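Results of the structural survey
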Amino acid sequence: MPVLPGAEPYRHEGGEVGVLLCHGFTGSPQSLRPWAEHHAAHGLTVSLPLLPGHGTRWTDMQLTTWQDWYAEVDRELRALTDRCSRVFVAGLSMGGALALRLAARHGGRVAGAVVVNPANKVHGLSAYALPVARHLVRSTKGIASDIAKPGAAELGYDRVPLHAAHSLGRFLRRVDGELPQVTQPLLLLRSAEDHVVPAADSARVLSRVSSRDVTEIVLEHSYHVATLDVDADRIFEESLAFIGRLATGVGKEGTAAVG
């Protein structure tokens, strides 16, 4: 199936500092494209891949698992570390969990992590029903476009494929067990009101990581897809400042040199 217009992956060749951006479950690079372009404009080398099964139709996602999604961002990280002297990982929702696992598994190859409304578990009765329900029902209603800003919309599936949701739950449990291996500086931004991922997930992440350099920022005016919402500019600016603090020379438009 052809990729939906706007859901294409994004890459930009910039300086010696790189950032890998990971989109969320049933979403697409469109939800992070403004963030990626902001960092590219300030000289960073940027990679925003399209996860397998995403960006086409939800039935394609039924055939993929967390191993496919993680393998894609793992490949992108390895390519960035070959190209750049310092690399950061970032993500929204499930993309935040992907970024945290990259940090946990790659250690010193990752200079820092930025996560926005990171997912940590599948909540409610659905978590218990999924192992059986996925064999009886193919999908449930979608979770895309939880955005407060009028007129803003996320390009994501209107259905959640249950086989993929079951795999997501298994992935999040695995990541939770690996969080103590995250030692890098961490910037976590969470929305005060989120109808997809509760604040408890961010609290769990913060309580489990081993990072000593940790910053939490509450986004007062945005819902789950905060990267397209009212607080988007703050996310872009805070993450760029975070990277600039750890990689000298980042932050001025068109420059990204490591001191």
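Given the structure is predicted, the values throughout are model-derived calculations rather than measurements. (Residues numbered from 1 in each chain as written. Predicted model: local features only at pLDDT ≥ 70, side-chain atom pairs only at ≥ 80, totals over all residues. Heavy atoms only, no water.)

Structural notes on the nonpolar core
Of all hydrophobic cores here, the largest spans 42 residues; its most connected members are Phe 25 and Trp 69. If you list the elements that add at least two residues to this core, you get β2 (17-22), α2 (58-61), α3 (66-83), β4 (86-92), α4 (94-106), β5 (112-116), α6 (162-178) and β8 (186-191). Sequence-distant contacts of Phe 25, defined by excluding residues within four places in its chain, comprise His 54, Met 61, Trp 69, Met 94, Ile 143, Val 160, Ala 164, Ala 165 and Leu 168. (Core = buried A, V, L, I, M, F, W, Y, C linked by side-chain atoms within 4.5 Å. Buried < 20%, exposed > 50% of the residue type's maximum accessible area, 1.4 Å probe, protein only. Helix = DSSP H or I, 4+ residues; strand = E, 2+ residues; numbered from the N terminus. Contact = heavy atoms within 4.5 Å.)

With respect to the packing of α3 against α4
At a minimum axis separation of 10 Å, α3 and α4 run at an interaxial angle of 60°. Judged by the inter-axis angle, α3 sits oblique to α4. Relative to α4, α3 is oriented so that their crossing is right-handed. Every residue of α4 that contacts α3 at Trp 66, Trp 69, Tyr 70, Val 73, Asp 74, Leu 77 and Arg 78 is listed here: Met 94, Leu 98, Arg 101, Leu 102, Arg 105 and His 106. Taken together, the residues of the contact of α3 with α4 break down into eight nonpolar, one polar and four charged. (Axes fitted to C-alpha atoms, helices over the stretch in contact; angles between N-to-C directions. Parallel < 35°, antiparallel > 145°, perpendicular 65-115°, else oblique. Left-handed = near helix turned anticlockwise from the far one by under 90°. Nonpolar A, V, L, I, M, F, W, Y, C, P; charged D, E, K, R; others polar.)

Some points on empty space enclosed by the protein
Enumeration over the complete set of coordinates arrives at one cavity of 30 Å³ or more. Taken as a whole, the largest cavity holds about 30 Å³ of empty space. (1 Å grid on protein atoms, 1.4 Å probe; cavity = no way out; pocket = protein on both sides within 12 Å on 5 of 7 lines; lining within 4 Å. Points joined across faces, edges and corners; volume = space filled by probe spheres on them.)

Quick notes on the packing of aromatic side chains
Note on aromatic pairs: each is described by the distance of the centres and the angle between the planes. Enumeration according to the criterion identifies three aromatic pairs in this entry. Note on Phe 25 and Trp 69: the rings are 5.8 Å apart at their centroids and 65° apart in plane angle, and the pair reads as edge-to-face. Here Phe 25, found in the loop between β2 and α1 (33-41), pairs with Trp 69, found in helix α3; they are 44 residues apart in sequence, far enough to count as distant. A residue is classified by how much of its surface remains accessible, and Phe 25, at 9% relative accessible area, is buried. Relative accessible area serves as the criterion here: at 0%, Trp 69 is assigned to the buried category. Over the aromatic face of Tyr 70 sits the side chain of Arg 101, whose NZ or CZ is 4.6 Å from the ring centroid. (Phe/Tyr/Trp six-rings, centres within 6.5 Å; stacked < 30°, edge-to-face > 60°. Lys NZ or Arg CZ within 6 Å of the ring centre and 35° of its normal.)

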